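As a plain string of letters, each chain reads:
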Amino acid sequence: MSYRVVWFKRDLRLCDHAPLAEAARLGPVLCLYVIEPGLWAQPDAATQHYRFALEGLADLAAELQRLGGRLLVRVGEAVEVLDQLYRAAPFLALHAHEETGNGWTYVRDLAVGRWCRARGVAWREWPQFGVVRRLADRKHWQREWEALMAQPQAGLPALRCFEPPWSSDLPPQPAQLGLDPWQPPQRQRGGRRRALALLDDFLDQRCERYRGHISSPLSAPTACSRLSPYLAQGSVSLREVVQATRAQIARLPDSQARARQGLQAFLSRLYWHCHFIQKLESEPALESCNLHRGYDGLREPDWNPAHFEALVQGRTGWPLVDACVAMLHQTGWLNFRMRAMLVSVAAYPLWLHWREVGLWLAREFLDYEPGIHWSQLQMQSGTTGINTTRVYNPIKQARDQDPQGVFVRRWLPALRRVPDSWIFEPWRLPPELQQRCGLRVGVDIALPLVDLEVATRESKQRLYARRAQPEVRAAKAAIVDKHGSRKGMPGRVSDRGTRVTRRNAAAPDAAQLSLDF
Ligand SMILES: Cc1cc2nc3c(=O)[nH]c(=O)nc-3n(C[C@H](O)[C@H](O)[C@H](O)COP(=O)(O)OP(=O)(O)OC[C@H]3O[C@@H](n4cnc5c(N)ncnc54)[C@H](O)[C@@H]3O)c2cc1C
């Protein structure tokens, strides 16, 4: 019997799944998920991502079973698995969503394409985000995003499942895939049911606190939607979330102005989600090379392993930075402002190149989404050439976002008894007070690695000197053209929180910097 294979990757759902809907409309379907050892061996992969995917797979398998279907899970490289399947039971076509993943998935997809051509199997792919393959020009991108989000969700016709020739493989243990077994004990758990519950709760209740509460690491965990890992694994589709949000806005009475503002701000994030992934889609090299090649060699020769190690261990000596690292390690999540601050501290006073820092954070973030992640890493490190430089001072951020030191004391228990006046600069504590608080500076909390003010000033000077070079300035226009946001994009406000005007519109992505209000 001829059938079509639907290859599930980071789209673990049945709802709004165009490749599945189309395959089911045409005839019998085999639903396949491949656990690819090569993918999990990449330096950006972590046990938490793997476990989260398995949790999503369990929900997907249960949903399929309810419809009388079955999910086939195989362990092996994609081309190998497809070839074995084809030899056992030839199929007509391979259906999948387009994936803007890391360099490894890009190369794997090329290999799958070659295999399909060699076997005469039709490979059909559908976009799952507002990301356009082979985009010629950014000018009309926003229109395309709107059109995709407005399309009706793909409905699933009755499923006729092709009975696979084998049973599913048992998923290997993370260690068998070469993964470090650590996973954050308080991380979010995967699966569509959890994603939908979070979405409902956010749209009904939590959106009221979205504006004004997403910058502080204290309020952000409940004020933000927390949908990011589910969007990254595709347990919900972006279109589902956009449409549900728009429907909720339309239902809200006038009296619910705060909720409406919150939801509108949230919608602008969903838009930026795709804006950033589009950058990686259009420029796959940005995962490992500076977007603006004029910044090559700026930080590379000065790699300081001691600075990197201190950052990863949460031993920079700046309490807010170390508390964020501690929270991230336990939960797998941080809000936008604290992520930006971490990267800024790494890139400026610690003068670390973004690539190693980005790999570490990719493993730490449960929601790792290569397109957003690498674009943000470069943006916060000043190597895109098109963004206003924003350098976050971790002491000022602590005073603004955690004025009573509640967050810092929660994640750094050694500081619990330190009085407020010293809480963000414990190295200034007089020795007798240190003794009274039971704190040994240099032991319980590290001494700062560098003088924050001096190191930040020097790093900015180095960056500005590079930026002022005529050839660096000259190359900027082409990057703006290819990657810059355009006038009229949702949430496009300047980095001082004001709307982008014609006068300040020259810094195309300045807008993004203020997205956390
Ligand atoms: C250095 C750095 C690395 C980042 N890496 C990732 C990553 O790997 N994966 C990821 O999903 N987000 C990343 N972000 C963006 C942002 O911090 C997270 O999307 C957000 O904190 C996730 O929480 P949430 O779902 O509650 O967000 P909400 O505020 O509820 O936003 C809803 C959704 O909008 C999207 N979104 C939100 N903020 C942004 C943004 N600034 N840019 C693009 N899309 C956005 C996400 O999909 C998010 O789930 C990164 C930010 C920085 C500064």
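Quick notes on the rules
- Residues numbered from 1 in each chain as written.
- Predicted model: local features only at pLDDT ≥ 70, side-chain atom pairs only at ≥ 80, totals over all residues.
- Heavy atoms only, no water.
- UniProt positions renumbered as here; feature names shortened; annotations may be inferred.
- Helix = DSSP H or I, 4+ residues; strand = E, 2+ residues; numbered from the N terminus.
- Buried < 20%, exposed > 50% of the residue type's maximum accessible area, 1.4 Å probe, protein only.
- Pairing = 2+ DSSP bridges.
- Disulfide = S-S within 2.5 Å.
- Axes fitted to C-alpha atoms, helices over the stretch in contact; angles between N-to-C directions.
- Parallel < 35°, antiparallel > 145°, perpendicular 65-115°, else oblique.
- Left-handed = near helix turned anticlockwise from the far one by under 90°.
- Contact = heavy atoms within 4.5 Å.
- Domains from an automatic or database assignment.
- Buried area = accessible area lost by both parts, 1.4 Å probe.
- Salt bridge = Lys/Arg side-chain N within 4 Å of Asp/Glu carboxyl O.
- Polar contact = N/O pair within 3.5 Å; in protein donor to acceptor, adjacent residues only side chain to side chain.

### Some words on the UniProt feature "domain: Photolyase/cryptochrome alpha/beta" (unreviewed entry) in the protein chain
The positions that UniProt labels "domain: Photolyase/cryptochrome alpha/beta" (unreviewed entry) are, in the present scheme, residues 2-131. End C-alpha atoms of residues 2-131 are separated by 32 Å, and the span's content is 47% helix alongside 21% strand.

### Here we look at the pairing of strand 3 (residues 71-75)
The buried fraction of strand 3 amounts to 4 of the 5 residues, a majority that puts the element mostly inside the structure. Two elements, strand 2 (residues 29-35) and strand 3, share 5 bridges in a ladder whose sense is parallel. Among the inter-strand pairings, Leu32 is bridged to a residue of strand 3, identified as Leu72.

### Structural notes on the state of the cysteines
With the rule as written, the count across this model stands at 0 disulfides. Note on Cys161: no disulfide assigned, nearest cysteine sulfur contributed by Cys31 at a separation of 5.4 Å.

### Side note on the packing of helix 15 (residues 336-347) against helix 17 (residues 370-381)
Axis separation between helix 15 and helix 17 bottoms out at 8 Å; the angle between their running directions is 55°. Considering the angle they form, helix 15 stands oblique to helix 17. Two packed elements cross with a definite hand, and for helix 15 against helix 17 that hand is right-handed. Counting all contacts with helix 15, which are made through Phe336, Ala340, Val343, Ser344 and Ala347, the residues of helix 17 involved are Gln376, Leu377, Gln380 and Ser381.

### Things to note about the domain arrangement of the protein chain
Here the protein chain is described as being made up of domain 1 (4-154 + 172-177), domain 2 (193-283) and domain 3 (285-484). Each side of the interface is counted separately: domain 2 has 20 residues, and domain 3 has 29 residues. Approximately 2200 Å² of surface area, both sides summed, lies buried where domain 2 meets domain 3, with 66% of it carried by carbon and sulfur atoms. Our count for the domain 2 to domain 3 interface comes out at 0 salt bridges. For the pair domain 2 and domain 3, the interface holds 7 residue pairs in polar contact (both at pLDDT 80 or more). Of all the elements in the fold, those that place two or more residues in the side of domain 2 that touches domain 3 are helix 9 (220-223), helix 10 (228-233) and helix 12 (257-282).

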